[in-house]
Amino acid sequence: MSEPQLTPLRATALMIGAGVGAGIMAVPYLAERVGPVPLALILVVAYAAATFIHLMLVEVLLRTGQPLQVIELMRLWVLDRPGRRPLLWLVFGLLTVAFMAALAAYVAAEAEIVSEATGLPEPVSQALVYAVSAGVVFFGLRAVGVFATVGVIALLGCVVVLVAGTLGAPIDLDLGVRGSALDGLALFGMVMYGYYAFFSVPQVVKGLAPDGRAAARAVAGGLAVNGLLIALVAVVALSVSDPVTEVAIVGISDQLGPWAGGIGAIFIMAALLTTYWAVSLALADIIDERLSLGFRPAWLVATVPSLLLLYLGALGFLDWLQLAAGLTAIVIALVTIPMYVNARRHGPVTEPEWSLGRWGSRPMLALALLATLLMAAGSLLEA
């Protein structure tokens, strides 16, 4: 393991940024179909499942004793066998598509806000957003940690202001349970994706090495903050927005008045920038390890397609997120559990700094697999 490159605060901010942008933007739109009570239940269940799966990866990394990214961990523990190596490239391809779809969604959403605020043509806004988003990642893990912390602080401040702003606004929160099972499944899939910062876990473990306990705390703490932010924004959107928009902060800003427009712009930029930094850093490291390009060329391969996809014509914001969520869940469901089992049995570090201990039992692994399969189903099925 390398020398520490992150503080616990920056590591936690990296985890928050990796998942919270997507969840905050898309969850309220889907939650309106089922109501706040099912949303609350789904948030709790999804947090438990997502945290367990993320901590499995922490233990895999600690037992491996090398700062590898997820694809190379899959190779080492699952796919480096005769007949399985082509599957490794398939997984790598699926994961790359999922990440690029997510990055395109973040750039599209940011550019829409910039265009509305400045009047710039959308292609120009997309280019500017890309330059800011990808430019930070060019400087690596330390820079992303610093900027992610600033972004999360801004995000938290905006949420506090927006919540306070609802105190004087008309509230119409329908607590009734509604919608179909497929509506609930779609919401579960998006909430799980909102929690998911799975591919940033290697950066957290690497950045805090050799303190495995600090890495586990940063992972669990970051996901808990994600859940709190998703819940707060969803309640605000369900209470004041009519209708709830796909990009939730747009509807919130429309209803709370002109003052909320500026707060909303800062909020969405902070949420999506931090997510873009975390996700694109993970993708650049994965491409670098798999193709041996060096970090800067891998950074170009990881980030440029997110802009090109938009110029070539893209799906809507929610469509991109559902595609990314579904592909990501399928990859995780295929390999995470066997990777964990093999690392526990054969890992060179037999007594890691931290582990799940008895929680890593077969029944718990079965529940984790079920949660990832439900996430995939909810993301890919039409609700």
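Quick caveat, the model's predicted, so the values are computed rather than measured.

Conventions used here
- Residues numbered from 1 in each chain as written.
- Predicted model: local features only at pLDDT ≥ 70, side-chain atom pairs only at ≥ 80, totals over all residues.
- Heavy atoms only, no water.
- pLDDT = per-residue confidence, 0-100.
- Helix = DSSP H or I, 4+ residues; strand = E, 2+ residues; numbered from the N terminus.
- Polar contact = N/O pair within 3.5 Å; in protein donor to acceptor, adjacent residues only side chain to side chain.
- Patch = residues over 30% accessible without salt bridge, like charges linked within 9 Å, V, L, I, M, F, W, Y side chains within 5 Å.
- Areas by Shrake-Rupley, 256 points an atom, 1.4 Å probe, with all protein chains shown as cover.
- Salt bridge = Lys/Arg side-chain N within 4 Å of Asp/Glu carboxyl O.
- Lys, Arg positive; Asp, Glu negative; His and termini not counted.
- Charge placed at Lys NZ, Arg CZ, Asp CG, Glu CD.
- Buried < 20%, exposed > 50% of the residue type's maximum accessible area, 1.4 Å probe, protein only.
- Expected span 1.5 Å × (residues − 1).
- Phe/Tyr/Trp six-rings, centres within 6.5 Å; stacked < 30°, edge-to-face > 60°.
- Lys NZ or Arg CZ within 6 Å of the ring centre and 35° of its normal.

Trainee: How would you explain the confidence of the model for the chain if you had to name every residue and give the values?
Mentor: When pLDDT is averaged along the chain, the result is 85; 91% of the residues meet or exceed 70. Mean pLDDT in the chain bottoms out at helix α10 (residues 248–256), which sits at 74, and peaks at helix α2 (residues 36–64), which reaches 95.

Trainee: An account of the side chain of Thr-372 is requested, with residue identities and associated values reported.
Mentor: Summarising the element assignment, Thr-372 is placed in helix α14 (residues 362–380). For Thr-372, the side chain forms a polar contact with the main-chain oxygen of Leu-369, separated by 2.8 Å.

Trainee: Lay out a negative patch on the surface with the relevant residues and their values.
Mentor: A cluster of acidic side chains, namely Glu-112, Glu-116, Glu-122 and Asp-254, defines a negative patch on the protein surface. Residue position: Glu-122 is located in helix α5 (residues 122–137). Residue classification places Glu-122 among the partly exposed positions, given a relative accessible area of 41%.

Trainee: Before we move on, could you go through helix α6 (residues 141–165) and cite the residues and values that matter?
Mentor: Here α6 spans 36 Å end to end across 25 residues, near enough to the 36 Å set by a 1.5 Å rise per residue. Taken together, the buried positions of α6 are Leu-141, Ala-143, Val-144, Gly-145, Ala-148, Thr-149, Gly-151, Val-152, Leu-155, Cys-158, Val-159 and Leu-162.

Trainee: Outline the packing of aromatic side chains, supporting the account with residue identities and numerical values.
Mentor: If you walk through the whole model with that rule in mind, you get 8 aromatic pairs. Their ring planes at 75 degrees and their centres at 5.1 Å tell us that Phe-138 and Trp-299 sit as a pair that is edge-to-face. One end of the pair, Phe-138, is in the loop between α5 and α6; the other, Trp-299, is in helix α12 (residues 295–312), with 161 residues separating them in the sequence. You can call Phe-138 partly exposed: its relative accessible area is 27%. Looking at Trp-299, the relative accessible area reads 13%, which means it is buried. Consider the rings of Phe-147 and Trp-277, whose centres lie 5.8 Å apart with planes at 70 degrees: the pair is edge-to-face. Of this pair, Phe-147 sits in helix α6 while Trp-277 sits in helix α11 (residues 258–291), and the two are 130 residues apart along the sequence. A cation over a ring is seen here: Arg-290 above Trp-89, with NZ or CZ 4.6 Å from the ring centre. Cation over ring: Arg-296 sits above Phe-138, and NZ or CZ is 4.1 Å from the ring centre.

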